[in-house]
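# Results of the structural survey
Spelled out from the first residue to the last, the chains are:
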Amino acid sequence: TRVAILISGRGSNMVSVIEAAKAPDYPAEIALVLSNRPEAAGLKRAAEAGIPAKAIDHTPFANRESFDAALDAALREAGIDLVCLAGFMRIFSAGFVEAWAGRMINIHPSLLPLFRGTHTHKQALAAGVRLHGCTVHYVVPELDAGPIIAQAAVPVLPGDDPESLADRVIVQEHRLYPKALALVAAGHAPLKDGRVDFAAAC
Ligand code: GRF
């Protein structure tokens, strides 16, 4: 399974997946890293790890569809089977999401379906939940609403602020994403009729 990781920023989740994929029995190969931001720190980290890394700056494109078409072309050119979003901060056109349906996953820093969108740690503190965490899910057109593949939880502790909570969650993100990707790449959690089919074994 040839995997592309899409980033916009520092790429710490990307690094955790690249590291995990070095294991000889890992069911996926990280074949490409793409960023919509040329200045993303993660691009350099990917190149240092020996992964082909490329920026496709979204700013010169006239609209969402034309940027997504360029992204799609780069993914197909590299023979990508599966797309992993890791801090990729752009919303896709419905057509792109349809084209990659069941073959594109994302990590989100909350226990979905709670706290979609941004500032999830602030949202969690405002809601007063005692458990928070992260979710890996299939990407569907509605933001952060796709079928859930895996989750990890952390406690919310007295005195937490968004930063301390984010620091606790990111540790779990780095453990969860490589595991969830392995599950998907091995065919053990395919998307079927809008649900994740955990009984599937290939
Ligand atoms: C992570 O918290 C991820 O869940 C969220 O954005 C952050 C990206 O961090 N979508 P990094 O670029 O992987 O370090």
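Residues numbered from 1 in each chain as written. Predicted model: local features only at pLDDT ≥ 70, side-chain atom pairs only at ≥ 80, totals over all residues.

In the nomenclature of an unreviewed UniProt entry, the protein chain is known as Phosphoribosylglycinamide formyltransferase of Methylobacterium gnaphalii. If you open the UniProt record of the protein chain and go to Pathway (unreviewed entry), you find "Purine metabolism; IMP biosynthesis via de novo pathway; N(2)-formyl-N(1)-(5-phospho-D-ribosyl)glycinamide from N(1)-(5-phospho-D-ribosyl)glycinamide (10-formyl THF route): step 1/1." Check the Function (unreviewed entry) section of the UniProt entry for the protein chain; it says "Catalyzes the transfer of a formyl group from 10-formyltetrahydrofolate to 5-phospho-ribosyl-glycinamide (GAR), producing 5-phospho-ribosyl-N-formylglycinamide (FGAR) and tetrahydrofolate." (UniProt positions renumbered as here; feature names shortened; annotations may be inferred.)

### So, the overall build of the protein chain
A count of helical and extended segments in the protein chain gives six helices and nine strands. A compact globule built from 202 residues would reach a C-alpha radius of gyration of about 17 Å, and the protein chain, at 16 Å, matches this within 12%. Along the first, second and third principal axes, the C-alpha atoms of the protein chain reach 50 × 40 × 35 Å. Within the span of the protein chain, comprising 202 residues, buried residues form 37% of the whole. Contacts in the protein chain between residues at least 24 apart in sequence constitute 67% of all its contacts with a sequence separation of at least 6. (Helix = DSSP H or I, 4+ residues; strand = E, 2+ residues; numbered from the N terminus. Rg over C-alpha atoms; globule rule 2.2 N^0.38 Å. Buried ≥ 20, exposed ≤ 12 C-beta atoms within 10 Å, placed from the backbone. Contact = placed C-beta atoms within 7 Å.)

### Describing the site of the ligand
Surrounding the ligand, one finds 15 residues, the nearest of these being Gly9, Ser12, Asn13, Gly87 and Pro109. Counting residues per element, the ones that place at least two in the shell around the ligand are helix H1 (12-20), strand E5 (104-108) and helix H6 (162-185). Per element, the largest residue contribution to the shell around the ligand is three residues, and it comes from H1. Residues belonging to the shell around the ligand are distributed by class as follows: six nonpolar, seven polar and two charged. (Near = placed C-beta within 6 Å. Nonpolar A, V, L, I, M, F, W, Y, C, P; charged D, E, K, R; others polar.)

### Description of the UniProt feature "binding site: N(1)-(5-phospho-beta-D-ribosyl)glycinamide" (unreviewed entry) in the protein chain
Here, UniProt's "binding site: N(1)-(5-phospho-beta-D-ribosyl)glycinamide" (unreviewed entry) annotation points to Gly11, Ser12 and Asn13. Structurally, the position occupied by Gly11 is in the loop between strand E1 (2-7) and H1. Taking the C-beta count within 10 Å as the criterion, Gly11 has 25 such neighbours and is therefore assigned buried. For Gly11, the residues in contact, after removing those within four places along its chain, are Ala40, Ala41, Gly42, Arg45, Ala46, Ala86 and Gly87. You can see Ser12 is positioned in helix H1.

### Notes on helix H2 (residues 41-48)
All of the buried residues in H2 are Gly42, Leu43 and Ala46. Seen end-on, H2 carries its buried residues on one side only, within an arc spanning 105°. Across H2 from its buried face, at more than 90 degrees, point the exposed residues Lys44 and Glu48. If you follow the buried residues of H2, they end up packed against E1, H1, strand E2 (29-35) and strand E3 (53-55). Of the residues one or two after H2, Gly50 is the one with positive phi, at around 80°. (Arc of directions from axis to C-beta.)

### Let's talk about the pairing of E2
Counting buried residues along E2, five of its seven residues qualify, which places the element largely inside the surrounding structure. Relative to E2, E1 is paired through six bridges, and the arrangement is parallel. For Ile7, the partnering residue across the bridge sits in E2 and is Ser35. Once the chain exits E1 it traverses H1 before rejoining the sheet at E2, and the crossover so formed is right-handed. Handedness of the crossover joining E2 and E3 through H2: right-handed. (Pairing = 2+ DSSP bridges. Right-handed = clockwise from strand over helix to strand, strands pointing away.)

### Some thoughts on helix H5 (residues 120-127)
Listing the buried residues of H5 in full gives Thr120, His121 and Ala124. Seen from one end, H5 has its buried residues packed into an arc of 100°, which puts them on one side. Packing partners of the buried residues in H5 comprise strand E6 (131-138) and H6. Where H5 ends, the next residue or the one after it, Gly128, has phi of about 80°, a positive value.

### Observations regarding the packing of H5 against H6
Relative orientation and spacing of two packed helices are given, respectively, by the angle between their axes and the distance between those axes. Relative to each other, H5 and H6 sit at 115°, their axes nearing to 9 Å. Taken together, the axis directions place H5 and H6 in an arrangement best described as roughly perpendicular. Here H5 runs over H6; the crossing is right-handed. Across the interface between the two elements, His121, Lys122, Ala124 and Leu125 of H5 pack against Pro162, Leu165, Ala166 and Val169 of H6. (Axes fitted to C-alpha atoms, helices over the stretch in contact; angles between N-to-C directions. Parallel < 35°, antiparallel > 145°, perpendicular 65-115°, else oblique. Left-handed = near helix turned anticlockwise from the far one by under 90°.)

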